Amino acid sequence: MICPPTMVAFLLAGALEPTPPPPDVVDLATVLKLAREASPRLALERQGIAAAIAERRTAGALPNPTLSYGLQHQPGEITNFSSRTAQSVSIDLPLLVAGQRGARVEAADQGVAAARARVAASGNGLAADAGAAFVQLLAAQKKLGLLGEGMEELDHIRDVVAGRQASGMASPYDLLRIDVEVASWRTRIAEAEAELAERRGKLAVLLGFIGWRPRPTGELRPLDVDAGAPAGAEHPAIATARREEAMAQASTVVAERERFPGVSLSGGMFWTSDPFGATYSLGVAVELPILDSRGGALDRARAEADAASLRRRLVEAEIEADVALYAVQVAQRASALQHFQRQVEPRLSGLRQMAEDAYRLGRSSIIELLDALRTRHETQTGHLELVAGLVEAQLRLRAARGEFAARSNGS
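The text that follows walks through the structure, step by step, so that each part is easy to find. Every value quoted in this text rests on a predicted model; they were computed, and no experiment measured them.

**Quick notes on the overall build of the protein**
- What the protein contains, in helices and strands, is 10 helices and 6 strands.
- Buried positions account for 37% of the 411 residues belonging to the protein.
- The contacts in the protein between residues at least 6 apart in sequence include a share of 82% that link residues at least 24 apart.
- Roughly 22600 Å² of accessible area belongs to the protein as shown, and the carbon and sulfur atoms make up 56% of that amount.

Next comes the structure, spelled out in structure tokens:
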């Protein structure tokens, strides 16, 4: 369905309205919704629809007639109707006898459909990128939290070491070593805070919100995605490629129709006064395509149609490869996470207490106690990265299936 002219004005006016600020605290679902519905980047893409609708309006317009008027002075003895002055008026109306208007309208309709498909495809890709950026932001926040927990454990270990030193059971080296570890840990916390700020900025820039500093919320856990399920609806990128191919083929028809010689119908009147006399005329003018047959425009249209067909086949192959690739990634990362949860995670809970008890009893050194702390922290961080990698692969798989297509906001 084609939008009326008022819809074009509505779309253009909507783009100029200020975008409402997004919420400061967001979860994954909110970020995906912002990417598909409220992102200024996608709003810019939607202006392509308004431009295509304007092109459709232009294509459907009929050619304007041309009105001519002339005034002549007749000084000779023998003149038209024996008058000294004469006037003439004529009107020329181009005739699109070769169906040019219908071909232009069809090509413009395909252009509107292609513009809407591009918005859907852009929303799909933007949602996948924004979802992945959010996962990285949430993971960075979780990593900072793990470092904070490790810092609390280091403070506890320092109290233990200071108590043992006061009782003569620990050397000054143990206290010095723990102080060095605390300083190193604080440096890692500062780096994690900088990374968190960077991730916030990347998500804001990706969605196009100026001055936005999102704070992620929610648990980082795998999504409910079946890696082996077939794709549902047609992928928006494939739909876009097919619409653009149809538009290029319709443009070829336009070029063929435009090669037809121009035809115009003309009618006029010539009259004199004192005495009055008049003659009337009706004629047809036909262009003679001798110097230029407009074959170059047709050749270019055919070349663009061939290129659009090639792009469509490439897009179909790329989407098929992406679905297969991300399905394998999801399966592999899910298997690695399950192995970690079965083999490693159950053993972490008692690692710290075992190392501390051994140190208190003099059966291990401060190096072994700190090594246990670092091992536990690195293992927790590794688990976090496994989950983040799996969620990102699941988001990419859903995008490869076209599940994040945005609405075009126009009909």
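What follows continues from the structure just given.
**What about helix H3 (residues 40-59)?**
- Between its terminal C-alpha atoms H3 stretches 29 Å, which fits the 28 Å expected from 20 residues at 1.5 Å a residue.
- Where H3 begins, one side-chain oxygen reaches toward the backbone nitrogen of Arg 41, 3.2 Å away; that side chain belongs to Ser 39.

**So, the packing of aromatic side chains**
- One pass over the structure, following the stated rule, counts 1 aromatic pair.
- Arranged with centres 5.4 Å apart and planes meeting at 75°, the rings of Phe 209 and Trp 212 form a pair that is edge-to-face.
- When the ring centre of Trp 185 is taken as reference, the NZ or CZ atom of Arg 188 above it lies at 4.6 Å.

**With respect to the sheet that holds strand E3 (residues 85-95)**
- Ordered in space as E2-E3-E5-E6, the 4 strands form an open sheet in which the pairing is antiparallel. Every other strand in the sheet has two partners, leaving strand E2 (66-73) and strand E6 (277-286) as the edge strands with one partner each. Averaged over all neighbouring strand pairs, the angle between strand axes comes to 15°, with direction disregarded.
- Pairing of strand E5 (residues 263-272) with E6, which is carried by 10 bridges, proceeds in the antiparallel orientation. Bridging across to E6, Gly 267 finds its partner in Leu 282.

**Digging into the nonpolar core**
- Phe 134, Leu 154, Ile 157, Leu 203, Leu 207, Trp 212 and Leu 220 are the most contacted members of the largest nonpolar core, which totals 63 residues.
- For this core, the secondary structure elements donating two or more residues are helix H2 (28-38), H3, helix H4 (100-166), helix H5 (172-207), helix H7 (295-343) and helix H10 (366-400).
- The dominant element in this core, judged by the number of residues it contributes, is H4, at 21 residues.
- Leave out the neighbours within four places in its chain, and Leu 154 touches Ile 178, Glu 181, Val 182, Trp 185, Leu 370 and Leu 373.

**Some remarks on the pairing of E3**
- Across 8 bridges, the pairing between E2 and E3 is antiparallel. Following the sheet pairing, Tyr 69 is matched in E3 by Val 89.
- Note: E3 against E5, 10 bridges, orientation antiparallel. Residue pairing for E5: Val 89 is matched across the bridge by Met 269.

**Here's the deal with the side chain of Ser 309**
- Tracing the backbone through its elements, the reader meets Ser 309 in helix H7.
- Once residues within four sequence positions are removed from consideration, Ser 309 is found in contact with Glu 245 and Gln 249.

**Some details on empty space enclosed by the protein**
- Evaluation of the coordinates by the stated rule reveals 2 cavities of 30 Å³ or more.
- By volume, the second largest cavity is sized at about 40 Å³.
- Around the second largest cavity, the lining residues are Leu 146, Glu 149, Gly 150, Glu 153, Leu 373, Arg 376, His 377 and Gln 380.
- For the lining of the second largest cavity, the secondary-structure elements that each account for two or more residues are H4 and H10.
- Of the residues contributing to the lining of the second largest cavity, the split by class is 2 nonpolar, 3 polar and 3 charged.

So, how was this worked out
Residues numbered from 1 in each chain as written. Predicted model: local features only at pLDDT ≥ 70, side-chain atom pairs only at ≥ 80, totals over all residues. Heavy atoms only, no water. Helix = DSSP H or I, 4+ residues; strand = E, 2+ residues; numbered from the N terminus. Buried < 20%, exposed > 50% of the residue type's maximum accessible area, 1.4 Å probe, protein only. Contact = heavy atoms within 4.5 Å. Areas by Shrake-Rupley, 256 points an atom, 1.4 Å probe, with all protein chains shown as cover. Expected span 1.5 Å × (residues − 1). Polar contact = N/O pair within 3.5 Å; in protein donor to acceptor, adjacent residues only side chain to side chain. Phe/Tyr/Trp six-rings, centres within 6.5 Å; stacked < 30°, edge-to-face > 60°. Lys NZ or Arg CZ within 6 Å of the ring centre and 35° of its normal. Pairing = 2+ DSSP bridges. Axes fitted to C-alpha atoms, helices over the stretch in contact; angles between N-to-C directions. Core = buried A, V, L, I, M, F, W, Y, C linked by side-chain atoms within 4.5 Å. 1 Å grid on protein atoms, 1.4 Å probe; cavity = no way out; pocket = protein on both sides within 12 Å on 5 of 7 lines; lining within 4 Å. Points joined across faces, edges and corners; volume = space filled by probe spheres on them. Nonpolar A, V, L, I, M, F, W, Y, C, P; charged D, E, K, R; others polar.

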